[in-house]
Amino acid sequence: MRCALLACALLPAMAWAQLKIDITRGVTDPVPVALVPFARAVPADGGLDVAAVVQKDLESSGRFRALDRGAMPSQPSRAADVNAASWRAQRTDYVVVGRVVTVADGNVQLQFELVNVLTGQVLLNETVTVPQSGMRAGAHRVADRIFEKITGFRGAFATRIAYVSVDGAPPNQRYQLWVADADGENYRVATQSSQPIMSPAWSADGEWLAYVSFENRVSAIFVQRVRTGERRQVSARRGVNGAPAFSPDGRRLALTLSGSNGNLDVYVLDLTTQALTRITEDPAIDTEAAWSIDGQTLYFTSDRGGGPQIYSAPAQSGARARRISFGSSYTARPRVSPDGKMLAVVTQDGSGFHVGVIDLASGQLTALSRGALDESPSFAPNGAALIYAGRDRGQSVLAMVSVDGTVSSRLKADQGEVREPVWGPFLN
Amino acid sequence: MKQRTLILLAAVALLAAACGPKRVDEKPAETGTAVPASAESSGAQSAGVATVDTSAGSTSQGALGPDGPLGSQRVIYFDFDSSEIRSEYIDVIAAHGRFLASNANVRVRLEGHTDERGSREYNIGLGEQRAQTVKRALALQGVQDAQIATVSYGEERPAAAGSDENAYSKNRRVEIVYIN
């Protein structure tokens, strides 16, 4: 392992088809690895170059450097055929070999082995079985296993992102909510409108997206089943309907309502019974609720103390809220880490708005990004990185930063504006 | 049909705000020159009120038309992170209030906006606060609750592109949109 334990946080792949990745800061000592093209099963593999998908995932993490195919001494498909010395001569530490094999009932097996050429040891000898249509997802799972074996941390390559894009000039703007694989492939529009779409949020099982849409000229909250596109409106109350967040068990939705007096407060809606529980009741702006991983606590933004800060309150009732954030005059928009120990936030200092994290045990607030207009941080499901939105020289960008701050990358859209990226859970 | 009229009026309102006399947007960050502004708008509003009182129900001509005194002053601007009405807009809002109070069948939608800084949903809250502040000021003139709808777009529908104070000052606003 080339990196110190804590510095070895994983930055999962973010190479987008429509967006161009640019590693702005990588580790100084990436792990050299060789991904040998897999032996194919024609035509069942559909022409997918599995090793290329794995390579792109690993390299986009900023932690690996792949050997050029032209420099490979040979292209075996079994560990037994790997001549370790010939690979060491190419200055690679690891070699991955594999085979795509068709099996009964239309499935495909991705059989792969990971060899440490310094020691000659076969570290992994595994098989990922997928339907023919799921080969790309299978390749991401192979990348996850290799990443985890070498770094010790779970990979998040088999994940999805949702984000909002806006193009066109007013009044002919088009807002689109996109879902894509974490490497940018398989991108498709989940919903679109001539009116604003905002605040997408995944359910914990990855089956649903909740979001705010102004398609009826006022804000309303919709939930949409990602697989089928089926959608329904869950809150169109008078006034503001905003900031939806699924509870960890998927049965409740935290949301922001204002009623007709325009005073924003946090509520919890039971999606089955439609019972509405009020969580905050004060004249301040209370919004942007996020659930603790046990579903018992809500973290939210409130300016009851003057400027926006993060508070927490029990999710069951309107008991007294407790202030969580200190150290900045503006801290907002909390998102809870997968292990429940940190919040991702937007925080302001003398150089602008950045994304950062609050360690809940110590209260320590650490800014991680360096732009002046950074916003909308979302944790990768392995907790190691944040994706967020920012601006660079007048252009909107999506960007990632590892939670330890060592690796960052940026993705620029070819056209239009991109915003509000939100990282979905691990795919099965 | 009504939907299209609604959109047309909103477009007219936006155009009027963009192309109307610049006195209200010229100095969005200052409050010192309030006196000349209110003097001008007082003059305008007294003419507007006179016209308006005799043409109750008329919205596309007279006071509210694109060239009318109220038609060209439909956007109220705000300071950063504030929903307080600056003194230079008090008379403008009062003029709209008097018109609406005299024409109880006329309805408005107050659309609240912010600049792009900070988090989006918090900005929805700030835009809503701005719309509510204008609503309360109209209510003081006797406008009925049923005549006023509010909506906040937060930072989602800027009037001006750009990431400088010039653009920001144009985006921190409430638009008064006549919907019938």
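None of these values were measured; they are calculated from a predicted model. (Residues numbered from 1 in each chain as written. Chains lettered and ligands numbered in written order. Predicted model: local features only at pLDDT ≥ 70, side-chain atom pairs only at ≥ 80, totals over all residues.)

*Asks:* Mind showing me how you'd approach the packing of helix 1 (residues 50–60) of chain A against helix 3 (residues 135–151) of chain A here?
*Replies:* The description of two packed helices rests on the angle between their axes and on the distance between the axes. Residue and element names in this part refer to chain A. The interhelical angle for the contact between helix 1 and helix 3, taken along N-to-C directions, is 50°, at an axis separation of 9 Å. Taken together, the axes of helix 1 and helix 3 are oblique relative to one another. Judged by the twist between their axes, the crossing of helix 1 over helix 3 is right-handed. Here V50, V53, V54, D57 and L58 of helix 1 lie close against helix 3, whose contacting residues are R136, A139, H140, V142, A143, I146 and F147. Its residues placed into classes, the contact of helix 1 with helix 3 shows nine nonpolar, one polar and two charged. (Axes fitted to C-alpha atoms, helices over the stretch in contact; angles between N-to-C directions. Helix = DSSP H or I, 4+ residues; strand = E, 2+ residues; numbered from the N terminus. Parallel < 35°, antiparallel > 145°, perpendicular 65-115°, else oblique. Left-handed = near helix turned anticlockwise from the far one by under 90°. Contact = placed C-beta atoms within 7 Å. Nonpolar A, V, L, I, M, F, W, Y, C, P; charged D, E, K, R; others polar.)

*Asks:* What's the story with the domain arrangement of chain A in this structure? I'm lost.
*Replies:* Many descriptions give the size of an interface as the accessible area lost when the pieces come together. Split into domains, chain A comes out as domain 1 (6–151) and domain 2 (160–423). Its C-alpha centre places domain 1 of chain A at a distance of 34 Å from the equivalent point of domain 2 of chain A. (Domains from an automatic or database assignment.)

*Asks:* Looking at this structure, how should I read the sheet that holds strand 10 (residues 197–202) of chain A?
*Replies:* By way of backbone hydrogen bonds, the strands of a sheet pair with one another, either parallel or antiparallel. All names here are of chain A. Read across the sheet, four strands follow the order 10-11-12-13 without closing on themselves; strand pairing throughout is antiparallel. The open sheet is flanked by strand 10 and strand 13 (231–235), the only strands paired with a single partner. If you compare each strand with its neighbour and ignore which way they point, the axes differ by 25° on average. As paired strands, strand 12 (residues 220–225) and strand 13 are joined by four bridges and run antiparallel to one another. Its bridge partner being in strand 13, F222 is matched across the sheet by Q233. (Pairing = 2+ DSSP bridges.)

*Asks:* How should I be thinking about helix 3 (residues 90–102) of chain B in this particular structure?
*Replies:* In an α-helix there are 3.6 residues to a turn, and that puts residues three or four apart on one side. Taking 1.5 Å per residue as the helical rise, helix 3 of chain B with its 13 residues ought to reach 18 Å, and the 18 Å between its terminal C-alpha atoms agrees with that figure. When helix 3 of chain B is considered as a whole, its buried residues turn out to be B:V92, B:I93, B:A95, B:H96, B:R98, B:F99 and B:L100. (Expected span 1.5 Å × (residues − 1). Buried ≥ 20, exposed ≤ 12 C-beta atoms within 10 Å, placed from the backbone.)

*Asks:* What is the right way to look at helix 3 of chain A in this model?
*Replies:* Residue and element names in this part refer to chain A. Between the first and last C-alpha of helix 3 there are 24 Å, a value that for 17 residues agrees with the 24 Å anticipated at 1.5 Å per step. Among the 17 residues that make up helix 3, 13 are buried, leaving the element largely enclosed by the rest of the structure. A positive phi of about 85° marks G152, the residue just after helix 3.

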